[in-house]
Amino acid sequence: MTASPAPAVPTDPHALAQAVAAAMWSRDHATQALGMRLDAIAPGRAVLSMPVRRDMVNGHAICHGGLIFTLADSAFAYACNSYNHNTVASACHIDFLAPAREGDVLEAEAVERSLAGRTGVYDITVRVRGGRTVALFRGKSYRLGGEVIAGLAHAAEAATRPAA
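The numbering scheme is per chain: residues are counted from 1 as the chain's sequence reads. Predicted model: local features are reported for residues with pLDDT of at least 70 only, side-chain atom pairs are reported and counted for 80 or more only, and whole-chain, interface and lining totals are derived from all residues. Hydrogens and water molecules were not included; the side-chain quantities draw on all heavy atoms of the structure.

Explanation requested: the overall build of the protein in the structure shown.
On a plain count of helices and strands, the protein comes out with four helices and six strands. Counting from the N terminus, the helices are the DSSP runs of H or I reaching at least four residues and the strands are the DSSP runs of E reaching at least two. Secondary structure elements in the protein, listed N-terminal to C-terminal, are α-α-β-β-α-β-β-β-β-α. To sort residues, take the accessible area from a 1.4 Å probe on protein chains only and compare it with the maximum for the residue type: under 20% means buried, over 50% means exposed, and anything in between is partly exposed. Buried residues in the protein amount to 35% of all 164 residues. Across the protein, the fraction of contacts at a sequence separation of at least 24, relative to all contacts at a separation of at least 6, is 65%. For the protein, the accessible surface area stands at approximately 8,900 Å², while carbon and sulfur atoms represent 56% of it. What makes two residues a contact is simply this: any of their non-hydrogen atoms within 4.5 Å. Throughout, the Shrake-Rupley method with a 1.4 Å probe supplies accessible areas, and for residues the shown protein chains are the sole cover considered.

Pasting the structure below:
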């Protein structure tokens, strides 16, 4: 029996962020079910979009705040996991600034503000595509053990060892 080859190790930080995002996306059924799209990914950054559908509108004829929160939280997740370290939210806060309506396309842009040790701080701005800001979200992250794409750290170490 032969051992399976080690996963390819992206050496470029952007390539790593893209590989991690693809791995997360393949398992992220909640984000996909809401019609979100991953529009951009980079180390510590992500942009996701979501069309506001009829089933996302509340009794005030505006997008339900929980769905705006979910879009921001998803962008936060992709940004803080972009280094291939399993990372989760430890706290978050959202301010709703303006309504979104059926037919709007919302974009959530996540930007890393601080990363030290196991914790990070990310700001996510949710806008109507090409227009007004709908919400501001701040997320605090905590890095757990392990990797999003298991084995990449081990493969990277093996690739840097001199051949025997």
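Looking at this model, I keep getting lost on unusual backbone geometry. Mind explaining?
Most of the time, phi is negative for any residue but glycine, and the peptide bond is trans. In this structure, Ala 61 is a non-glycine residue whose phi angle is positive, near 65 degrees. Looking at where Ala 61 falls in the secondary structure, it is placed in the loop between strand 2 (45-51) and helix 3 (65-80). Since its relative accessible area comes to 47%, Ala 61 is described here as partly exposed. One non-glycine residue with positive phi stands out, namely Asn 84, at about 70 degrees.

Would you mind showing me how to read helix 1 (residues 13-27) here?
In this model, helix 1 (15 residues) spans 22 Å end to end at C-alpha, consistent with the 21 Å of a helix rising 1.5 Å per residue. Leu 16, Ala 17, Val 20, Ala 21, Ala 23 and Met 24 are the residues of helix 1 that are buried. The arc enclosing the buried residues of helix 1, seen along the axis, measures out at 165 degrees, which places them on a common side. To estimate how far a helix should extend, the number of its residues minus one is multiplied by 1.5 Å. Working note: the arc is built from the helix axis to C-beta atom directions.

Help me understand the pattern of salt bridges, please; the structure alone is not making it clear to me.
A side chain of one charge can pair with a side chain of the opposite charge when the charged atoms of the two come close. Salt bridges are counted wherever a side-chain nitrogen of Lys or Arg sits within 4 Å of a carboxyl oxygen of Asp or Glu. Scanning the model with the defined rule gives nine salt bridges in all. A salt bridge links Arg 132 to Asp 104; the shortest N-O distance between them is 3.7 Å. With Arg 132 in the loop between strand 5 (119-128) and strand 6 (133-143) and Asp 104 in the loop between strand 3 (87-96) and strand 4 (105-116), this pair connects stretches of sequence that are 28 residues apart. On the accessibility criterion, Arg 132 (39% relative accessible area) is partly exposed. Residue classification places Asp 104 among the buried residues on the basis of a relative accessible area of 16%. Taken together, the salt bridges that share partners define one network made up of Arg 37, Asp 39, Glu 107 and Arg 129.

I tried to follow the packing of aromatic side chains on my own but got confused; where do I start?
Geometrically, a pair of aromatic rings is defined through the distance of the ring centres and the angle of the planes. Each pair of aromatic rings taken from Phe, Tyr and Trp, with Trp reduced to its six-membered ring, is defined by centres within 6.5 Å and is described as stacked if the planes are under 30 degrees apart, edge-to-face if over 60, and tilted in the remaining cases. Enumeration over the complete set of coordinates arrives at four aromatic pairs. Aromatic ring contacts, followed pair by pair, group Phe 69, Phe 76, Tyr 122 and Phe 137 into a single cluster.

Any chance you could explain the sheet that holds strand 5 here in plain terms?
Neighbouring strands of a sheet are bound in pairs by backbone hydrogen bonds; such pairs are parallel or else antiparallel. Spatially, six strands are ordered 1-2-4-5-6-3 in an open sheet, and the strand pairing comes out antiparallel. The two strands at the open ends of the sheet, each matched to only one other strand, are strand 1 (37-42) and strand 3. The sheet shows a mean angle of 20 degrees between the axes of neighbouring strands, direction not considered. Here, axes are lines fitted to C-alpha atoms. For helices the fit covers the stretch in contact, and angles between N-to-C directions go from 0 to 180 degrees. Set on the sheet, helix 3 makes contact with strand 1, strand 2, strand 3, strand 4, strand 5 and strand 6; between it and strand 2 the angle comes to about 150 degrees. Two strands qualify as a pair provided DSSP detects at least 2 bridges between them.

What is the right way to look at the nonpolar core in this model?
A general tendency of soluble globular proteins is for nonpolar side chains to be buried together. Judged by nonpolar contacts, the single largest core of 39 residues is most densely connected at Met 50, Ile 68, Leu 71, Leu 106, Ile 124, Val 126 and Val 134. Contributions of two or more residues to this core are made by helix 1, strand 2, helix 3, strand 4, strand 5 and strand 6. If sequence neighbours within four positions are ignored, Leu 71 has contacts with Met 36, Leu 48, Ser 49, Met 50, Leu 106, Glu 107, Ala 108 and Val 126. The set of buried Ala, Val, Leu, Ile, Met, Phe, Trp, Tyr and Cys residues whose side-chain atoms join them within 4.5 Å is what this entry labels a nonpolar core.

When you look at helix 3 in this model, what are you seeing that I'm missing?
A rise of 1.5 Å per residue sets the reference length of helix 3, with its 16 residues, at 22 Å; its end C-alpha atoms lie 22 Å apart and thus fit the reference within 8%. Every buried residue of helix 3 is accounted for by Leu 67, Ile 68, Leu 71, Ala 72, Ser 74, Ala 75, Phe 76, Tyr 78, Ala 79 and Cys 80.

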